Amino acid sequence: MKKWKILFAAVLLTMVLSACSGGSADGASDDGGDPDAITAWAWDPLFNIAALELAEEQYVQEAGDFQLDIIDNAQKDIVQKLNTGLSSGTMNGMPNIVLIEDYRAQSFLQAYPDAFYDMSEHVNIDDFAEYKKAPTSFDGKQYGIPFDTGVTGLYLRTDYLEEAGYTPEDLTNITWDEYIEIGKDITEKTGKKMISLNPNDPDHLRHMIQTAGTWFTDEDGETVNMAGNEAVGEALRVFKTMLDEDIAHTNSDWSSRIAAFNSGDIVSVATGNWMTPSVKAEESQSGNWTVVPIPRLSVDGAVNASNVGGSSFYVLNIPGKEQAAEFLASTFGSDTALYQDLVTEIGAIGTYLPALEGEAFNQEDEFFAGQNINADFVKWMMEIPNVNYGMHTYASTDILIGELQNYRSGKALEEVLEDAQKQAEAQLN
Amino acid sequence: MNKLKSIFTYGILSIAAIVSLFPFAWMLISMTNKSSDISQGRLLPGSNLLENLRNLFESYNVGSALFNSFFIAIVATVLCLVVSSLAGYGFEIYRSKGKDIVFNILLLSMMIPFAALMVPLFRLFGDVSQVFPAFGIDTLYAVILPYVSTAFFIFFFRQNTKMFTKDLIEAGRIDGLSEIGIFFRIYMPSMKNTFAAAGIISFMNNWNNFLWPLVILQSPDVQTIPLLISNLGSGYSPDFGIIYTAIVIGTIPTALIFFFLQKYFVEGMTGSVKG
């Protein structure tokens with residue numbers, strides 16, 4: 001068949017021709033010399049990427065010739081790409097700057113310490129919120145430039161509270177047990193569920209446990225600490241009680257989680273401050289929301305402040321690292337004006353202490369009935385207990401979520417924790 | 001009794017049809033709705049289609065992603081058909097001592113999941129980048145090359161070649177055709193259905209391929225459609241209207257190709273040969 005031969009020859013020809021012409025196009029991260037542009041990987045065009053763009057804009061004004069290529073990838077995709085690239089040992093195609101979630105940072109830093117550039121000389125970690133230090137440093141070296149905070153708050157519908165005869169003060173600085181009691185009453189009086197929970201999503205377990213200043217692993221970040229861990233047990237008990245007591249609406253994924261409060265079906269949202277834009281997306285509820293500190297666990301030493309999510313920037317040890325480090329140091333590492341713009345333009349609250357005051361933190365938000373939520377979040381951020389998220393946050397919470405199902409179907413809490421401990425030890429060490 | 005039986009049969013079939021068509025229908029409906037309506041589970045068509053399309057095409061380079069996906073899928077499919085059919089034909093028609101051992105080793109390679117091959121393969125392409133940057137990391141060829149010859153398609157062609165009438169080869173030889181001539185002029189035309197079936201499978205695999213393009217492609221200008229769709233969900237407050245619109249656009253080519261080649265596909269899978 002002549003047709004086939006022609007088609008095959010045509011395909012081969014296209015390959016060779018376009019391969020030859022395409023050869024000069026890449027080269028951003030080839031070996032030798034400084035690259036023409038610095039590349040950065042991050043997720044969320046409206047948040048992290050917008051922040052990088054703002055930083056680039058300000059940096060170019062000061063330093064002049066500088067080009068930043070920001071590449072938008074989903075967070076899980078960045079993790080996959082980094083893991084494959086770094087474990088294959090070839091740094092080809094890796095970016096100069098990468099954004100990593102604090103929960104995952106140690107698993108990269110400890111597994112591939114040579115792949116990351118030591119930023120100790122470019123940044124003073126004491127300028128940042130205390131709780132950001134453990135995730136972003138390793139072996140006495142500072143690798144990450146802390147970026148946004150995941151400081152938590154309890155978002156409340158004031159109109160529903162009023163209907164049930166409560167004020168936001170009644171829910172300020174309370175424990176989760178008090179929250180459940182009030183919740184039962186409100187659900188009964190208003191017919192609205194108190195909170196929306198996804199039984200498979202570990203976010204709530206994580207921020208509850210951090211209020212007590214402990215984690216799934218010990219301070220070394222590796223020794224599993226679940227059996228007999230009071231905070232972990234308490235968090236599981238609270239989570240189960242909320243599901244059993246019928247005060248929780250259940251959601252199955254991100255979109256239904258957001259829909260639950262946008263549709264006005266629930267009274268409160270307990271999560272990180274990065275949820276603010278999603279809450280405000282439903283403009284018809286303007287004026288009916290307020291934010292109070294997150295409830296704490298009924299454990300000694302627990303505080304009404306926690307963190308969920310939050311991430312930091314890292315520089316990879318490839319050509320262009322000095323430029324990338326210099327860029328991060330003079331923007332996210334020291335530029336107070338930039339942090340003001342981050343708050344006012346994209347609603348991102350950083351963790352750089354000298355920049356946590358000023359005009360941007362004195363603004364009343366009409367959506368929250370005039371509350372100055374940024375200043376409140378900053379206040380609570382200072383109280384977040386410092387924990388080492390270690391190497392295994394995701395693996396540990398996956399195990400606990402699995403065990404939660406057994407707990408709900410009647411297994412004793414002590415046994416649940418012991419089994420989780422055994423599974424984690426077998427899997428992680 | 002017979003009537004009861006057919007009511008029962010159609011009942012079951014209708015349920016199965018609804019179960020398999022509902023997600024598809026919902027996808028098409030969601031494409032016309034606003035993000036907030038979608039997350040609240042709206043099942044009626046809305047009026048936001050043009051808005052979604054405009055947002056998608058304005059904020060993302062869909063054209064380039066479509067081109068890259070087509071380029072990868074077409075080039076990989078054509079190369080794969082030629083290479084794998086030659087291999088499958090050779091394995092079945094020619095005699096050699098070690099043939100079966102080699103074939104069994106080839107089949108064993110089907111047992112290794114791609115995730116296990118990914119890191120060594122990435123390393124290999126890292127080295128390729130040093131010598132031929134045009135075929136290395138971050139190029140469309142790096143996506144295509146690992147799929148040019150796969151154990152599955154060699155096996156597929158070998159199995160189907162068993163049904164090929166060997167007398168035709170003898171006839172070709174007597175008429176003075178070269179061996180390669182027999183392959184292109186006799187084997188290929190009479191195995192049209194097999195080629196069509198393999199073509200559809202290969203096109204769909206390459207079109208939908210996610211993991212390998214994800215790790216090997218870095219710059220936005222070589223992004224494929226599945227990677228683009230994955231990125232659309234990267235935000236803390238994703239726009240589901242845009243996501244569904246992109247998914248529909250990404251589904252259309254495979255659906256069209258399947259509808260057009262369906263006849264050949266069924267015949268190819270059931271192994272009939274037009275002599």
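These numbers were taken from a predicted model, which means no experiment stands behind them. (Residues numbered from 1 in each chain as written. Chains lettered and ligands numbered in written order. Predicted model: local features only at pLDDT ≥ 70, side-chain atom pairs only at ≥ 80, totals over all residues. Heavy atoms only, no water.)

So, on to the interface of chain A and chain B. Residue-level contacts link 44 residues of chain A with 42 residues of chain B. Carbon and sulfur atoms make up 65% of the area that chain A and chain B hide from each other, which totals about 3,900 Å². Across the chain A-chain B interface, the total number found is zero salt bridges. Counting across the chain A and chain B interface gives nine residue pairs in polar contact (both at pLDDT 80 or more). (Contact = heavy atoms within 4.5 Å. Buried area = accessible area lost by both parts, 1.4 Å probe. Salt bridge = Lys/Arg side-chain N within 4 Å of Asp/Glu carboxyl O. Polar contact = N/O pair within 3.5 Å; in protein donor to acceptor, adjacent residues only side chain to side chain.)

Here we come to the domain arrangement of chain A. All names here are of chain A. Each domain of chain A was delimited in the assignment, giving domain 1 (38–150 + 309–356) and domain 2 (152–306 + 388–428). Placing the centre of domain 1 and that of domain 2 at their C-alpha centroids yields a distance of 29 Å. On the side of domain 2, 15 residues touch domain 1, which itself brings 14 residues to the contact. Carbon and sulfur atoms make up 57% of the area that domain 1 and domain 2 hide from each other, which totals about 1,300 Å². Joining domain 1 to domain 2, the criterion identifies zero salt bridges. Where domain 1 packs against domain 2, one counts three residue pairs in polar contact (both at pLDDT 80 or more). Mapped by element, the contributors of at least two residues to the side of domain 1 that touches domain 2 are helix 4 (102–111) and helix 5 (133–136). (Domains from an automatic or database assignment. Helix = DSSP H or I, 4+ residues; strand = E, 2+ residues; numbered from the N terminus.)

Another point: a nonpolar patch on the surface. Residue and element names in this part refer to chain B. On the surface, a cluster of nonpolar side chains totalling about 410 Å² of accessible area is made up of Leu108, Met111, Ile112 and Leu117. Position of Leu108 among the secondary structure elements: in helix 5 (residues 99–108). Of the residues examined, Leu108 reaches a relative accessible area of 55% and is grouped as exposed. (Patch = residues over 30% accessible without salt bridge, like charges linked within 9 Å, V, L, I, M, F, W, Y side chains within 5 Å. Areas by Shrake-Rupley, 256 points an atom, 1.4 Å probe, with all protein chains shown as cover. Buried < 20%, exposed > 50% of the residue type's maximum accessible area, 1.4 Å probe, protein only.)

Turning our attention to the sheet that holds strand 2 (residues 68–72) of chain A. Residue and element names in this part refer to chain A. With mixed pairing, the five strands of this open sheet are ordered in space as 2-1-3-12-6. The open sheet is flanked by strand 2 and strand 6 (144–146), the only strands paired with a single partner. Put simply, the sheet's adjacent strands are angled 25° from each other on average, direction ignored. (Pairing = 2+ DSSP bridges. Axes fitted to C-alpha atoms, helices over the stretch in contact; angles between N-to-C directions.)

This part takes up the UniProt feature "domain: ABC transmembrane type-1" (unreviewed entry) in chain B. When the UniProt feature table is mapped onto this chain numbering, "domain: ABC transmembrane type-1" (unreviewed entry) sits at residues 66–261 of chain B. Between the end C-alpha atoms of residues 66–261 of chain B the distance is 21 Å, and the span holds 74% helix and 0% strand. (UniProt positions renumbered as here; feature names shortened; annotations may be inferred.)

Here the focus is the pattern of salt bridges. Residues and elements named next belong to chain A. For the structure on display, the rule yields 24 salt bridges over all chains. Here Lys184 ties to Glu181 by a salt bridge, and the two come within 3.4 Å at their closest N and O atoms. In this pair, Lys184 and Glu181 are both assigned in helix 7 (residues 176–190), three residues apart and thus about one turn of the helix distant. Note on Lys184: relative accessible area 28%, which makes it partly exposed. With its nearest N and O atoms 3.1 Å apart, the salt bridge here joins Lys411 to Glu403.

Moving on, we come to the packing of aromatic side chains. Aromatic ring pairs are reported here in terms of the distance separating the ring centres and the angle at which the planes meet. All names here are of chain A. By the definition in use, this model includes 45 aromatic pairs over all chains. Residues Phe377 and Trp380 carry aromatic rings whose centres are separated by 5.5 Å and whose planes lie at 85° to one another, so their mutual orientation is edge-to-face. In this pair, Phe377 and Trp380 are both assigned in helix 14 (residues 373–381), three residues apart and thus about one turn of the helix distant. We classify Phe377 as buried; its relative accessible area is 1%. Given a relative accessible area of 7%, Trp380 falls into the buried group. (Phe/Tyr/Trp six-rings, centres within 6.5 Å; stacked < 30°, edge-to-face > 60°.)

Secondary-structure assignment places A:Glu62 in helix 2 (residues 44–63). When the C-alpha atoms of A:Glu62 and A:Ile401 are compared, they prove to be 49 Å apart, with 339 residues separating the residues in sequence.

What follows covers the UniProt feature "transmembrane region" (unreviewed entry) in chain B. Residue and element names in this part refer to chain B. In the numbering adopted here, UniProt assigns the feature "transmembrane region" (unreviewed entry) to residues 7–29, 65–89, 101–122, 134–157, 195–220 and 240–261. Along residues 101–122 the backbone is 77% helical and 0% strand, and the end-to-end C-alpha distance reaches 28 Å. Each end of residues 195–220 is marked by a C-alpha atom, and these two atoms are 33 Å apart; helix forms 77% of the span and strand 0%.

With that settled, the discussion passes to the pairing of strand 2 of chain A. Residues and elements named next belong to chain A. Inspection of the sheet shows strand 1 (residues 38–42) paired to strand 2 by five bridges, in the parallel sense. Residue pairing in the sheet places Ala42 in a bridge with Asp72 of strand 2. In this view, the connection linking strand 1 to its parallel neighbour strand 2 by way of helix 2 has right-handed handedness. (Right-handed = clockwise from strand over helix to strand, strands pointing away.)

A:Tyr155, A:Leu171, A:Trp176, A:Tyr179 and A:Met242 are the most contacted members of the largest nonpolar core, which totals 83 residues. Considering every element that reaches this core, the biggest residue donor is helix 9 (residues 230–244) of chain A, with eight residues. Both domains that furnish three or more residues to this core are identified here as domain 1 (38–150 + 309–356) and domain 2 (152–306 + 388–428) of chain A. Contacts of A:Leu171, omitting those with residues within four sequence positions, involve A:Leu154, A:Leu156, A:Leu161, A:Tyr179, A:Ile182, A:Met194, A:Val292 and A:Pro293. If you look at the next biggest cluster of nonpolar residues, it comprises 80 residues, including A:Ala55, A:Phe332, B:Trp212 and B:Tyr236. (Core = buried A, V, L, I, M, F, W, Y, C linked by side-chain atoms within 4.5 Å.)

Our focus in this paragraph is the packing of helix 3 (residues 75–88) of chain A against helix 6 (residues 114–131) of chain B. At a minimum axis distance of 8 Å, the contact between helix 3 of chain A and helix 6 of chain B shows a crossing angle of 65°. As for how helix 3 of chain A packs across helix 6 of chain B, the hand of that crossing is right-handed. Of the residues in helix 6 of chain B, those in contact with A:Gln80, A:Thr84, A:Gly85, A:Ser87 and A:Ser88 of helix 3 of chain A are B:Met118, B:Val119, B:Phe122 and B:Arg123. Each residue belonging to the contact of helix 3 of chain A with helix 6 of chain B can be placed in one class, and the counts come to three nonpolar, five polar and one charged. (Left-handed = near helix turned anticlockwise from the far one by under 90°. Nonpolar A, V, L, I, M, F, W, Y, C, P; charged D, E, K, R; others polar.)

All names here are of chain A. Sheet architecture is open: three strands sit in the order 10-7-11, paired in antiparallel fashion. Edge positions in the open sheet fall to strand 10 (268–272) and strand 11 (289–292), since each of these has one partner strand only. Taking the axes of each pair of neighbouring strands and ignoring which way they run, one obtains an average angle of 25° across the sheet. Note that strand 7 (residues 152–157) and strand 11 share four bridges and pair antiparallel.

Glancing now at unusual backbone geometry. Residues and elements named next belong to chain A. Positive phi values are uncommon outside glycine, yet Asp139 reaches one of about 60°. Within the element layout of this structure, Asp139 appears in the loop between strand 4 (137–138) and strand 5 (141–142). Despite not being glycine, Ala369 shows a phi value in the positive range, around 55°. Checked against the element boundaries, Ala369 lands in the loop between helix 13 (336–346) and helix 14.

Attention now goes to the environment of B:Trp26. By the secondary structure assignment, B:Trp26 is in helix 1 (residues 2–30). The spatial distance from the C-alpha of B:Trp26 to the C-alpha of B:Asn61 is 25 Å, given a sequence separation of 35 residues.

This paragraph deals with helix 4 (residues 62–93) of chain B. Because each turn of an α-helix spans 3.6 residues, side chains separated by three or four positions in sequence point in the same direction. Along its 32 residues, helix 4 of chain B runs 45 Å from first to last C-alpha, staying within 8% of the 46 Å computed at 1.5 Å per residue. Here helix 4 of chain B lies mainly inside the structure; 24 of its 32 residues are buried. (Expected span 1.5 Å × (residues − 1).)

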